Amino acid sequence: MVRGRISRLSVRDVRFPTSLGGHGSDAMHTDPDYSAAYVVIETDAEDGIKGCGITFTLGKGTEVVVCAVNALAHHVLNKDLKDIVGDFRGFYRQLTSDGQLRWIGPEKGVVHLATAAVLNAVWDLWAKQEGKPVWKLLVDMDPRTLVSCIDFRYITDVLTEEDALEILQKGQVGKKEREKQMLAQGYPAYTTSCAWLGYSDDTLKQLCAQALKDGWTRFKVKVGTDLQDDMRRCQIIRDMIGPEKTLMMDANQRWDVPEAVEWMSKLAKFKPLWIEEPTSPDDILGHATISKALVPLGIGIATGEQCHNRVIFKQLLQAKALQFLQIDSCRLGSVNENLSVLLMAKKFEIPVCPHAGGVGLCELVQHLIIFDYISVSASLENRVCEYVDHLHEHFKYPVMIQRASYMPPKDPGYSTEMKEESVKKHQYPDGEVWKKLLPAQEN
Ligand SMILES: C[C@H](O)[C@@H](O)[C@@H](O)[C@H](O)C(=O)O
Ligand SMILES: [Mg+2]
């Protein structure tokens, strides 16, 4: 089935001016322009199939990621797709262990975001050639092949290849029923769309009322800049959703460790399920301290959208520093590295609640979490996937939400392909949208 030699790789800087409406704003990222480094790979197979991959950025700096993708391109060009996916572990390691580029990582920051964009494109290409959505490609893959996609370097102290195989083999039991269940009911989601930090109280109320009408039962609110503001906004949202529905809070790394504990002790009365990113994403022991203080108040710690790699996740799990693990489809090294994190989370019995939103993150991560339920976790307890209602119209195969759940995508691929017209319009700085905006912004 797998065919062709990679003959071309292109990468473009695509930006959406979301900051104009305050969409996506939080306590640290006050003016994000949701953006992507958008990679397209082509083969010489003459079947017209292209692999599309993205990584998510906030505007400025996307050009740096584009540069890093170009620096990685020689690892992909002129390779047979069969050879890449036939030894996916080796290929992952080749990309992440480039003897020179590794110095500006390793497996973190810009170079890792670029790795994710390239590998996401490879997965899209592979799944399209197989005629399956990525989640189904993974579900149908035998455990040995799945394991052969993972680089276990640095994690064998908690997860060996044998452990991974055992988990996946156990996951085979009841797989068919779980797949049917997903196809009928979808994967449960929560919404972050109502309560960005830059939204006025009126907007918050209006969006919350609409979300309730649309059947949402779980809501996330941004906090962390001003305690009085947080108290007011949390009161509004709690009053509107009532005591039974779920509320999550997200501080986006705003606090020091003692400050996080103090602040959240004040917000505890609004009964949040979790506080997300209370402090620096690198502070594993800080998260453990916060977790120890807040779990007795009924508040869990969630983190992951800025976890560099599987090593940080490993340590967060080892240190009992989180109660909800948030994988990200573009921060980690694509499906390959996410597989290792899903398996570690299973081993530690910590629920995975993916980070999504941005541009395209919902499209991608739904594949991973649906696979996780069918083949790894086999549980929906305490599990929910983020959803944000922005920019889906720019994708050729946008997410489908029904009854506040992600319905499994049916189209082949990783749902990463953007509409060419959207890419052209939003390309930075020459697309139509930016040509109009840039002179105005310069004044
Ligand atoms: C800048 C971004 O919108 C973040 O605020 C966003 O990813 C957020 O942390 C989330 O959990 O959705
Ligand atoms: Mg967050």
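Just so you know, these numbers come straight off a predicted model, no measurement behind them.

Draft legend 1. Representation of the site of ligand 1. Residues in contact with ligand 1 amount to 15 residues; listed here are only the nearest, D26, Y34, E305, H355 and E386. E305 is positioned such that a nitrogen or oxygen atom in its side chain is 2.7 Å from an oxygen atom of ligand 1. Counting atoms within 2 Å of the grid points, the majority share of ligand 1 lands in the largest pocket. Residue composition of the shell around ligand 1, grouped by class: four nonpolar, four polar and seven charged.

Draft legend 2. Local environment of the coordination of the magnesium ion (ligand 2). Bound to the magnesium ion (ligand 2) are the protein donor atoms D250 (OD), E276 (OE) and E305 (OE), situated 2.0 to 2.1 Å from the metal. Positions of the donor residues of the magnesium ion (ligand 2), expressed as sequence spacing, correspond to D-x25-E-x28-E. Taken as a pair, D250 in strand β6 (residues 246-250) and E276 in strand β7 (residues 272-276) lie far apart in primary sequence, 26 residues in all. Just as D250 is buried, E276 falls in that class too.

Draft legend 3. Spotlight on the side chain of H390. Tracing the backbone shows H390 in the loop between β10 (385-387) and β11 (401-402). Dropping the residues within four chain positions of it, H390 is found in contact with H23, Y34, W196, Y199 and G358.

Draft legend 4. Examining the packing of helix α3 (residues 88-96) against helix α4 (residues 109-130) more closely. Interhelical geometry of α3 versus α4 gives an angle of 150° and a closest axis separation of 10 Å. The orientation of α3 relative to α4 falls into the category roughly antiparallel. The chirality of how α3 crosses α4 is right-handed. Here α3 contributes F88, F91, Y92, L95 and T96 to the contact with α4, which in turn contributes H112, T115, V118, L119, V122, W123 and W126. In the contact of α3 with α4, the residues fall into nine nonpolar, three polar and no charged.

Draft legend 5. Region of interest: the packing of aromatic side chains. Scanning the model with the defined rule gives 11 aromatic pairs in all. With a centroid separation of 5.2 Å and an interplanar angle of 40°, the aromatic rings of W123 and W126 are classed as tilted. Within this pair, W123 and its partner W126 are both found in helix α4, separated by three residues, close to a single helical turn. Across this residue pair, the class does not change: W123 and W126 are buried. Ring centres of W216 and Y387 lie 5.6 Å apart, and the angle between their planes is 5°; on these two criteria the pair is classed as stacked.

Draft legend 6. Quick look at the UniProt feature "domain: Mandelate racemase/muconate lactonizing enzyme C-terminal" (unreviewed entry) in the protein chain. As annotated in UniProt, the feature "domain: Mandelate racemase/muconate lactonizing enzyme C-terminal" (unreviewed entry) corresponds to residues 201-296 in the numbering used here. The distance separating the terminal C-alpha atoms of residues 201-296 is 31 Å; by composition the span is 52% helix and 16% strand.

Draft legend 7. Structural context of the state of the cysteines. Under the defined criterion, the tally for this structure stands at zero disulfides. Of all cysteine sulfurs, the one in C353 lies closest to C307, which takes part in no disulfide; the gap is 14 Å.

Draft legend 8. Focus on helix α13 (residues 310-318). All of the buried residues in α13 are R310, I312, F313, K314, L316 and L317. Those residues of α13 that are buried lie in contact with α3, α12 (284-294), β8 (300-303), β9 (324-325) and α14 (334-348). Its side-chain oxygen at 3.0 Å from the backbone nitrogen of V311, N309 defines the N-terminal cap of α13. With its phi angle positive at about 50°, K320 sits one or two positions after the end of α13.

Draft legend 9. Fine view of the pairing of β7. Counting buried positions over the five residues of β7 gives four, a clear majority of the element. Note that β6 and β7 share three bridges and pair parallel. Bridging across to β7, D250 finds its partner in E276. Each parallel crossover has a hand, and the one from β6 via helix α11 (residues 257-267) to β7 is right-handed. Viewed along the sheet, the connection from β7 through α12 into β8 turns out right-handed.

Conventions used here
In this convention, every chain numbers its residues from 1, walking through the sequence in written order. To label them, take the chains in the order written and letter them from A, then take the ligands in the order written and number them from 1. The predicted nature of this model means local features are confined to residues of pLDDT at least 70 and side-chain atom pairs, given and counted, to a pLDDT of 80 or more, with totals for whole chains, interfaces and linings taken over all residues. Values reported for side chains reflect all heavy atoms of the structure, with hydrogen atoms and water molecules removed beforehand. We call a residue near a molecule or strand when any one of its heavy atoms sits within 4 Å of it. Residues adjacent in sequence count toward polar contacts only when both atoms are side-chain atoms; beyond that, a polar contact is any pair of N or O atoms within 3.5 Å, and within protein one must be able to donate a hydrogen and the other to accept it. Throughout, the protein atoms alone are placed on a 1 Å grid, and a set of points is a cavity if a 1.4 Å probe fits but cannot get out or a pocket if it is open with protein on both sides within 12 Å along at least five of seven lines; lining residues have an atom within 4 Å of a point. A molecule is said to be in a cavity or pocket once over half of its atoms fall within 2 Å of that pocket's grid points. Gly counts as polar in this scheme, as do all residues outside two lists: the nonpolar Ala, Val, Leu, Ile, Met, Phe, Trp, Tyr, Cys and Pro, and the charged Asp, Glu, Lys and Arg. Think of the donor list as every N, O and S atom within 2.8 Å of the metal, or within 3.2 Å for Na, K and Ca; water never makes the list, so a site can look incomplete. Runs of H or I in DSSP of at least four residues are treated as helices and runs of E of at least two as strands, each being numbered from the N terminus. Only protein chains enter the calculation, and the probe is 1.4 Å; a residue is then buried if its accessible area is under 20% of its type maximum, exposed if over 50%, and partly exposed in between. Only heavy atoms matter for contacts: two residues are in contact if any of them lie within 4.5 Å across the pair. Only C-alpha atoms enter the line fits that serve as axes; for helices the fit covers just the stretch in contact. Angles between N-to-C directions range over 0 to 180 degrees. Roughly parallel covers angles under 35 degrees, roughly antiparallel covers those over 145, roughly perpendicular covers 65 to 115, and oblique covers all other angles. Each crossing is labelled by how the near helix is turned from the far one, with a counterclockwise turn of less than a right angle marking it left-handed and a clockwise turn marking it right-handed. Here a Phe, Tyr or Trp ring, Trp counted by its six-membered ring, pairs with any other such ring whose centre lies within 6.5 Å, and the pair is stacked when the planes are under 30 degrees apart, edge-to-face when over 60, and tilted otherwise. UniProt positions are given in the numbering used here, feature names are shortened, and annotations may be inferred rather than shown by experiment. Whenever a pair of cysteine sulfur atoms sits within 2.5 Å, that pair is classed as a disulfide. Strands qualify as paired when DSSP identifies two bridges or more between them. The crossover handedness rule: strands pointing away from the viewer, path from first strand over the helix to second strand clockwise, crossover right-handed.

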